[in-house]
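Understanding the architecture of this molecule
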Amino acid sequence: MIFIANWKMYLPFDETISLATKNLDAFNKLAQLPNTTIIIAPTIPTTYTLTQIFKTTKIQWAAQDCSEHIIGAFTGQISAETIKTVGCSACIIGHHERRKYNGETNQTISRKLEALLEANLSPIICIGEETNPGTLGATLQVLEEQLTSLCSILKKYTLKYPELTHAIAYEPAWAIGSGNVPDNVYLENIFSWITTFLQKTCPATNVNLLYGGSISSKNILLFKNTKFLNGFLIGKASTDFQEFEKIVKNSILE
Ligand code: PGA
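Everything in this summary refers to the structure shown in the same document. These numbers were taken from a predicted model, which means no experiment stands behind them.

Taken together, N6, K8, H95, E171, I176, G177, G213, S214, L233, I234, G235 and K236 are the residues near the ligand. With respect to the ligand, the side chain of K8 contributes an N or O atom lying 2.6 Å from an oxygen atom. G235 is positioned with one of its backbone polar atoms (N or O) 2.9 Å from an oxygen atom of the ligand. Look at the ligand: alone it shows 280 Å² of surface, and the protein chains cover 98% of it. Looking at the shell around the ligand residue by residue, the class counts come to three nonpolar, six polar and three charged.

Strands sit in the order β1-β2-β3-β4-β5-β6-β7-β8 around a closed barrel of eight strands; the barrel is parallel. Averaged over all pairs of adjacent strands, the angle between strand axes in this sheet comes to 25 degrees, irrespective of strand direction. The pairing of strand β2 (residues 37–41) with strand β3 (residues 60–63) spans two bridges and is parallel. Looking at the pairing, I40 lines up with W61 of β3. With respect to the sheet, helix α9 (residues 241–252) is in contact with β1 (2–6), β2 and β8 (231–234), its orientation differing from that of β1 by roughly 160 degrees.

If you look at the biggest cluster of nonpolar residues, it comprises 70 residues, and the most contacted ones within it are I38, L147, I194, Y211, F232 and F244. If you look at the next biggest cluster of nonpolar residues, it comprises 13 residues, including I2, A62, I124 and L233.

Attention now goes to helix α3 (residues 44–53). Residues separated by three or four positions in an α-helix point in the same direction, a consequence of the helix having 3.6 residues per turn. For α3, every residue scored as buried is listed here: T46, T47, L50 and T51. The arc enclosing the buried residues of α3, seen along the axis, measures out at 130 degrees, which places them on a common side. Elements that come into contact with the buried residues of α3 comprise α1 (13–22) and β3.

For the structure shown, the criterion picks out 10 aromatic pairs. Relative to F27, the ring of W7 has its centre 6.4 Å away and its plane inclined at 50 degrees; by these criteria the two rings are tilted. In this pair, W7 sits in the loop between β1 and α1 while F27 sits in helix α2 (residues 24–31), placing the two residues 20 residues apart along the sequence. One exposure class covers both W7 and F27, and it is buried.

Calculation rules
Residues numbered from 1 in each chain as written. Predicted model: local features only at pLDDT ≥ 70, side-chain atom pairs only at ≥ 80, totals over all residues. Heavy atoms only, no water. Near = heavy atom within 4 Å. Polar contact = N/O pair within 3.5 Å; in protein donor to acceptor, adjacent residues only side chain to side chain. Areas by Shrake-Rupley, 256 points an atom, 1.4 Å probe, with all protein chains shown as cover. Nonpolar A, V, L, I, M, F, W, Y, C, P; charged D, E, K, R; others polar. Pairing = 2+ DSSP bridges. Helix = DSSP H or I, 4+ residues; strand = E, 2+ residues; numbered from the N terminus. Axes fitted to C-alpha atoms, helices over the stretch in contact; angles between N-to-C directions. Contact = heavy atoms within 4.5 Å. Core = buried A, V, L, I, M, F, W, Y, C linked by side-chain atoms within 4.5 Å. Buried < 20%, exposed > 50% of the residue type's maximum accessible area, 1.4 Å probe, protein only. Arc of directions from axis to C-beta. Phe/Tyr/Trp six-rings, centres within 6.5 Å; stacked < 30°, edge-to-face > 60°.

Here it is in structure tokens:
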């Protein structure tokens, strides 16, 4: 299982460094559990320091966003190449909060995907309905709009970098930070549809399916046997190490 800790902008610089370094051994132990991948997405200014300190561990690092541009006059943006240089192997794109607060569209996200793949970085692509559309059919229509151009890019780059692993995180906006989570049957329907869609549009691409939105050590038990699910994108709960550790252990240990 893959566990991605999305620390968002919750912690100041010093607290980010101390959350990671105080728990270095414990994080590394989690990453050594069988079939477990731990990826941390801290703020970019803290990343280089952390990747240096964690150099000999199995922890992997991701950025929370990247520029759609490769290089140039783009004040305030961070390129995929820089993200790679500071020690990240992956990058989140299309997060609901970027769509909502930064006006990112499916087109912007497609360009970001291309920028990441050009740099040979693994994308963690977030998709999900912005509001609760009420029916599964309406949700699937939103997901199809979000995935269509992304999948043609994935297909193109699979030929170039066949070994690259991608992740698609289904994160309905109504579940993020709300304490609400979808039920298992609903999630399995969503993942089954995504799996079929990927088989149709980019069949050879190596994609892991994740769920994100209000994951906690308690509700993780609901998703223990969810079909098609390869891991979780965890926000708020991942900024408390004990809670994060419980999430990982509850979901993989009997
Ligand atoms: P949450 O956030 O776990 O705090 O709901 C998840 C996310 O936004 O990735």
